[in-house]
Amino acid sequence: DGFSALVSFLPQDGYGFVVLTNRNGSVLPDLLVDTIMDKLLGLEPVDWIGEAVKNQAQGEELGKKAGEKAAARKIAGTRPSHPLTDYAGTYFHPGYGELKVNLKEGKLSFNYNEITTPLEHWHYDTFNGLKSADPAFEDTRLTFQTDPNGRVAGLTVPLESTADDIVFKKRPDERYYDPGFLNQLTGSYVLLNQALTVSLKGNSLTLYVPGQPLYELVPDLGDEFYFKQVPVIRVRFIFGPKGEVTALETIQPNGVFEFKKMEKKEPDQK
């Protein structure tokens, strides 16, 4: 993408041509080589550029009709299954890196390989790339995926013409990797006579239940964490109106249990 090249040889005549252009899908290399060949071989000249102009006009007309047919495949009367805020975030693929979906002034766009492309709703949970300064992803369709908990958990995008759509998984909110924010979640939480202790170890949270091993909390979607050692058990912190942590919920197969956060006691002042 972004360049066109042509290498051509006339071995019996002793000619070789290499044309490099810094433009995607350029016809210039072919036009140059055809024109130069005519001159070098003393052939009757052909208006290659004029022919190209005619072909380009015909191609644009065919492209317009093809675009109209593609638009007809759009299913009318549908809408996204989530608020637009749910689609925004960072998506990751181990081979293709990060793709970021942004929401600004009520409109979505995505950034990949430093190319920003605005998005419009196509149908259901599929969005279409619009024209932008760099048209690399124009008419590229992103289809968002929902997990069993109803959260936007990933997206697919056709980046390779000869491969299946590439699946990017959505990353948890970046604040759950920030030690400064995670420190606010530490403390003791109590339900009846059972107490849990949440601590910060490096950039990760741990949870301790007396008589059990120390559990590492791994950030997940939906502002939840799961136990690294027992992924079926999850934790979600509850925040008050001022942004303070008031409790945590443990989400287990047999129910959801709420533990109230204990206030830290200040040392006696003398």
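One can find the structure itself at the top, above this paragraph.
Read on for an overview of the structure. Just so it is clear, the structure is predicted and the values come from calculations on it, not from any experiment. Each chain carries its own residue numbering, running from 1 in the direction its sequence is written. In view of the model being predicted, local features appear only for residues whose pLDDT reaches at least 70, and side-chain atom pairs are presented and counted only at 80 or more, with totals across whole chains, interfaces and linings using the full set of residues. For the side-chain quantities, the full set of heavy atoms in the structure was used; hydrogens and water were omitted.

## Digging into the overall build of the protein
For clarity, the cut-off: Under the scheme used here, helices are H or I runs from DSSP no shorter than 4 residues and strands are E runs no shorter than 2 residues, and both carry numbers assigned from the N terminus. We compute the radius of gyration from the C-alpha atoms alone; for a globule the expected value is 2.2 Å times N to the 0.38, where N is the number of residues. Only protein chains enter the accessibility calculation, which uses a 1.4 Å probe; a residue whose area is less than 20% of its type maximum is buried, one above 50% is exposed, and one in between is partly exposed. By definition in these notes, contact holds between two residues if any of their heavy atoms fall within 4.5 Å. Accessible surface area values rest on a Shrake-Rupley calculation with a 1.4 Å probe, where residue burial reflects the displayed protein chains alone. Positive: Lys, Arg. Negative: Asp, Glu. His and the chain ends are not part of the count. Note that the charge is assigned to NZ on lysines, CZ on arginines, CG on aspartates and CD on glutamates.
In terms of helices and strands, the protein carries 4 helices and 18 strands. A globule of 270 residues ought to have a C-alpha radius of gyration of about 18 Å, yet the protein, at 29 Å, is considerably larger. If one aligns the C-alpha atoms of the protein with their principal axes, the spans along those axes are about 105 × 45 × 40 Å. For the protein, the residues scored as buried account for 32% of the 270 residues in total. Contacts in the protein between residues far apart in sequence, at least 24 positions, make up 30% of those at least 6 positions apart. Counting only carbon and sulfur atoms, one obtains 52% of the accessible surface of the protein, whose full area is about 17,900 Å². Counting 29 positive and 37 negative side-chain charges, the protein places the centres of these two groups 8 Å from one another.

## So, the sheet that holds strand β7 (residues 126–129)
We apply this condition: DSSP-based pairing: two strands are paired if at least 2 bridges between them are found. All axes here are fitted lines through C-alpha atoms, helices being fitted over the stretch that makes contact, and every angle between N-to-C directions spans 0 to 180 degrees.
Judged by pairing direction, the barrel is antiparallel, and its 8 strands sit side by side in the order β3-β4-β5-β6-β7-β8-β9-β10 before closing back on the first. Neighbour-to-neighbour, the strand axes of the sheet open up by a mean angle of 30°, direction not taken into account. Relative to strand β8 (residues 141–146), β7 runs antiparallel, the two sharing 3 bridges. What sits directly across from Thr-126, in β8, is Thr-143.

## Topic: the layout of surface pockets
Defined as follows: The distinction between a cavity and a pocket rests on a 1 Å grid over the protein atoms alone: a 1.4 Å probe fits inside a cavity but cannot get out, while a pocket stays open yet meets protein on both sides within 12 Å along at least five of seven lines, and a residue with an atom within 4 Å of a point counts as lining. Grid points are joined across faces, edges and corners, and a volume is the space filled by probe spheres set on the points.
Taken as a whole, the second largest pocket encloses approximately 370 Å³ of empty space. Along the wall of the second largest pocket there are 19 residues; nearest its centre are Ala-88, Lys-170, Arg-171, Asp-173 and Leu-221. Sorting the residues of the lining of the second largest pocket by element identifies α3 (84–87) and β3 (89–93) as the ones contributing at least two each.

## Observations regarding helix α1 (residues 28–41)
What counts here: The span you would expect from a helix comes to 1.5 Å times its residue count less one.
Look at α1: 20 Å from first C-alpha to last across 14 residues, which is about the 20 Å you get at 1.5 Å a residue. Of all the positions in α1, only Pro-29, Leu-31, Val-33, Met-37 and Asp-38 are classed as buried. Count one or two residues on from α1 and you reach Gly-42, which has phi positive near 65°.

## What to know about the pattern of salt bridges
Here is the rule we go by: Throughout this description, the term salt bridge denotes a Lys or Arg side-chain nitrogen within 4 Å of a carboxyl oxygen of Asp or Glu.
Taken as a whole, this structure holds 9 salt bridges when the rule is applied. Residue Asp-220 pairs with Arg-234 through a salt bridge whose shortest N-O separation is 2.0 Å. Of this pair, Asp-220 sits in strand β14 (residues 215–220) while Arg-234 sits in strand β16 (residues 234–239), and the two are 14 residues apart along the sequence. The residue Glu-258 makes a salt bridge to Lys-260 at a minimum N-O spacing of 2.8 Å. Judged by relative accessible area, which is 32%, Glu-258 ranks as partly exposed.

## Overview of the pairing of strand β13 (residues 204–208)
Strand direction decides the pairing type here: strand β12 (residues 194–201) and β13, joined by 5 bridges, are antiparallel. By the bridge assignment, Ser-199 is partnered in β13 with Thr-206. Where β12 folds back onto β13 in an antiparallel hairpin, the turn is made up of 2 residues, including Gly-202, whose phi is positive at roughly 70°. Bridge count between β13 and β14: 3 bridges; the pairing is antiparallel. The partner of Thr-206 across the bridge, within β14, is Glu-216. Between the end of β13 and the start of β14, which pair antiparallel, lie 6 residues, with Gly-211 showing a positive phi angle near 90°.

So far we have only geometry, and geometry alone does not tell us how the molecule works.
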